Amino acid sequence: MKPTHIEHLGIAVKSLEESIPYYENLLGTKCYSVEEVKDQRVKTAFFLVGQTKIELLESTDPEGPIGKFLEKKGEGIHHLAFAVDNASDALAEAESKGLTLIDKVSRKGAEGMNIGFLHPKSTHGVLIEFCSK
Ligand code: ZN
């Protein structure tokens, strides 16, 4: 299950209200979608750069994954998401290769995508996500 491209880069921010105008200025493009993902306790904002997206993540709960990340590390790159044909298959294959998973099967993420994470313990410190339509 070879990734086809980098689907998006997830960036943890304190405030979408402050960071959206910054990225609109930087990229010269408008944020095309703001969506709350209750399951992950985040509000997301998306920008398109070529075929890769930038996903800004604002925490809606200090105890959620982005809330904890912000407290520990501050704002910055949170995860890297690879596009694959089938996220559940990609997770199973990664596990069979000895990689540690956070998600055994994919779940629904922003934009209705099927997503699943590998554990940063086995990915040299980078939180990696598989993402499929
Ligand atoms: Zn993501």
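Note that this is a predicted model, so its numbers are computed, not measured.

Participant: Residue-level account of the overall build of the protein chain, with values.
Facilitator: If you tally the helices and strands in the protein chain, you get three helices and eight strands. Starting at the N terminus and ending at the C terminus, the protein chain contains elements arranged as β-α-β-β-β-α-β-α-β-β-β. Taken against the 2.2 N^0.38 rule, which gives 14 Å for 133 residues, the C-alpha radius of gyration of the protein chain at 14 Å falls within 12% of a compact globule. Burial status across the protein chain gives 46% buried among its 133 residues. Of the roughly 7,500 Å² that the protein chain leaves accessible, carbon and sulfur atoms contribute 53%. Computing the positive centroid from 16 side-chain charges and the negative centroid from 20, the protein chain places the two 4 Å apart.

Participant: Can you break down unusual backbone geometry residue by residue, with the values?
Facilitator: Located in the positive-phi region is Arg-41, a residue other than glycine, with phi close to 55°. Mapped onto the fold, Arg-41 is located in the loop between β2 (33-37) and β3 (42-49). Its relative accessible area of 33% is what places Arg-41 among the partly exposed residues. Positive phi, normally seen in glycine, also occurs at Glu-111, with a value near 60°. Inspection of the secondary structure assignment puts Glu-111 in the loop between β6 (107-108) and β7 (114-117).

Scoring rules and cut-offs
Residues numbered from 1 in each chain as written. Predicted model: local features only at pLDDT ≥ 70, side-chain atom pairs only at ≥ 80, totals over all residues. Heavy atoms only, no water. Helix = DSSP H or I, 4+ residues; strand = E, 2+ residues; numbered from the N terminus. Rg over C-alpha atoms; globule rule 2.2 N^0.38 Å. Buried < 20%, exposed > 50% of the residue type's maximum accessible area, 1.4 Å probe, protein only. Areas by Shrake-Rupley, 256 points an atom, 1.4 Å probe, with all protein chains shown as cover. Lys, Arg positive; Asp, Glu negative; His and termini not counted. Charge placed at Lys NZ, Arg CZ, Asp CG, Glu CD.

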